[in-house]
Amino acid sequence: MNSLTAFHFLRPEVFWLVIPVVLILIVLQRRGSVEAKWRGVIAPHLLEHLIVRPQRRWRLRPIHLLGLALVVAVCAAAGPTWRQEQSPLTQDTAPLVIALDLSDTMLVEDVQPSRLERAKQKIIDILETRAGAKTALVVYAGSAHLVLPLTDDPGVLETYVEDLGPSIMPKPGSDPAAALAAAEAMLADEKAPGTIVFVTSGVGVASVPAFRSHEDAFRDQVLVLAVATTAGGPIPGTKNFSSLDREGLEALTSATGVRVVGVTPDTEDVETISRRIAAHLTAVQNDDNEGRWRDDGWLLVWPLAVITVLWFRRGWLVQWEE
């Protein structure tokens, strides 16, 4: 039923061609009429009695098939459609901003070899799944900073990722809201809906309102790759202890619906993120009616082929003038 209601023609103006098609058929019909050929030679009152008319009033002739073929061709050229498809120009091009937490808590070794090193490995794995798609990198601690703007060269990003650490950050602490604002600014001019992936051990309850405001104002989705365990571990060089921020992440999910993906020893977490990025792109485009309508006029080639085959019947063209 949805297909029937969505059925339409992409180029309805092509149906104006039906007018010349009808005129052509009328002209051919008259030219093939025996009465029209002999009207100027034999007197009308005699011609009527000299014409041998078939007993059957109607039968299929080449001119009828010609008319049918022309009408079918016009319908095919008009572009019948009832389904949408994603434009090949936007497939696999959803922009991505990776926000990497470089606070001291990322040095904890509850995830081997450490949260930060595992995070770097996962970022590289994500980049390998995004050939040709634009990706940017933001790092944050007590402040947020752009490392590399959106680029479709994963090799450049990998080079920067390898040298990142808390020591390069000018301000200690953790301010994911600042990183969110920086990511929003980069995605603001992108036509395709994007994704912001936070790679962190937590976001903190205090940052939840900023994420809530993002959900209300932007179409770009937010994902969290949680690189930590509930058991946690000591922060190197300090007496502090850090574990997975369950309270903050649960508050974030409850308030905004943000998907939190736990880090895994295999590629399951990366595959989940990749699927979510692609699914979000498709969902937003469908909601915005940005998917293009598929031209199914080519399906009418088959009835046209059947009609054409009938022209090879022996004696078929002789019937044109009957």
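These figures come from a predicted structure and were not determined experimentally.

Definitions and cut-offs
- Residue positions are counted from 1 within each chain, in the order its sequence is given.
- Local features are withheld for residues below a pLDDT of 70 in this predicted model, meaning they are given only at 70 or higher, and side-chain atom pairs are given and counted only at 80 or more; totals for whole chains, interfaces and linings count all residues.
- Where side-chain values are given, they derive from all heavy atoms of the structure, hydrogens and water being excluded.
- Whenever Lys or Arg places a side-chain nitrogen within 4 Å of a carboxyl oxygen from Asp or Glu, that contact is recorded as a salt bridge.
- Secondary structure elements follow DSSP: runs of H or I of four or more residues count as helices, runs of E of two or more count as strands, with numbering from the N terminus.
- Relative accessibility thresholds used throughout: buried, under 20% of the residue-type maximum; exposed, over 50%; partly exposed, between the two (1.4 Å probe, protein chains only).
- Strand pairing is defined by DSSP finding a minimum of two bridges between the two strands.
- The definition of a right-handed crossover adopted here requires that, viewed with the strands pointing away, the path from the first strand over the helix to the second runs clockwise.
- Here, expected helix span is obtained from the residue count minus one, scaled by 1.5 Å.
- Along the arc lie the directions from the helix axis toward the C-beta atoms.
- Here, two residues are considered to be in contact whenever any of their heavy atoms come within 4.5 Å of each other.
- Of the two site types, the cavity is a set of points on a 1 Å grid over the protein atoms alone where a 1.4 Å probe fits but cannot get out, and the pocket is an open set with protein on both sides within 12 Å along at least five of seven lines, each lined by residues with an atom within 4 Å of a point.
- Grid points are joined across faces, edges and corners, and a volume is the space filled by probe spheres set on the points.
- Any pair of Phe, Tyr and Trp rings, taking the six-membered ring for Trp, is counted once the centres come within 6.5 Å. Such a pair is stacked with planes under 30 degrees apart, edge-to-face with planes over 60 apart, and tilted for the rest.

Engineer: Go over the pattern of salt bridges with me, naming the residues and quoting the values.
Structural biologist: Under the definition given, this model contains eight salt bridges. Salt-bridge contacts for D295 lead to R11; the nearest nitrogen and oxygen are separated by 2.7 Å. Taken together, the residues span a long stretch of sequence, with D295 in the loop between β12 (292-293) and α12 (301-309) and R11 in the loop between β1 (8-9) and α2 (18-31) at a distance of 284 residues. Here R212 ties to D216 by a salt bridge, and the two come within 3.9 Å at their closest N and O atoms. You can see R212 and its partner D216 sitting in helix α9 (residues 208-217), four residues apart, about one turn around the helix.

Engineer: Before we move on, can you summarise unusual backbone geometry with the specific residues and values?
Structural biologist: Cis geometry marks the peptide bond from Q112 to P113, where omega comes out at -5 degrees. Inspection of the secondary structure puts P113 in the loop between β4 (96-101) and α6 (115-128).

Engineer: Outline the pairing of strand β7 (residues 195-200), listing residues and values.
Structural biologist: Of all six residues in β7, six are buried, a share of seventy percent or more. In this sheet, β7 lies alongside β4 in parallel orientation, the contact comprising five bridges. Looking at β7, one finds that V97 is bridged to I196. In this sheet, strand β8 (residues 221-226) lies alongside β7 in parallel orientation, the contact comprising six bridges. The partner of T195 across the bridge, within β8, is Q221. Chirality of the crossover, the property in question, places the unit of β7, α9 and β8 among those that are right-handed.

Engineer: Can you tell me about helix α8 (residues 176-187), naming the residues and giving the values?
Structural biologist: Between its first and last C-alpha atoms α8 spans 17 Å; for twelve residues at 1.5 Å apiece the expected length is 16 Å, and the two agree. For α8, the full list of buried residues reads P176, A179, L180, A183, E184, M186 and L187. Each buried residue of α8 sits inside an arc of 160 degrees when the element is viewed along its axis, so together they form one side. Lining the buried residues of α8 we find β4, β5 (135-140), β6 (144-151), β7, α9 and β8.

Engineer: So, empty space enclosed by the protein: which residues are in play, and what are the values?
Structural biologist: The full count for this structure, using the stated rule, is one cavity of 30 Å³ or more. In this structure, the largest cavity occupies an estimated 30 Å³ of space. Every residue along the wall of the largest cavity is listed here: L127, R130, A133, T135, T151, D152, D153, P154 and L157.

Engineer: Can you explain helix α5 (residues 62-77)? Please cite residues and give values.
Structural biologist: Compared with the 22 Å implied by 1.5 Å per residue over 16 residues, the 22 Å span of α5 between its first and last C-alpha is a close match. Within α5 the residues assigned to the buried category are P62, I63, L65, G67, A69, V72, V74 and A76. One or two positions beyond α5, positive phi appears at G79, with a value near 75 degrees.

Engineer: I'd like to hear about the packing of aromatic side chains, residue by residue, with values.
Structural biologist: A complete count under the given rule lists five aromatic pairs for this structure. An angle of 90 degrees between the planes, with centres 4.9 Å apart, marks the rings of F9 and F15 as edge-to-face. With a relative accessible area of 25%, F9 lands in the partly exposed category. The structure contains a cluster of three or more aromatic residues connected by ring pairs, namely F7, F9, F15 and W82.

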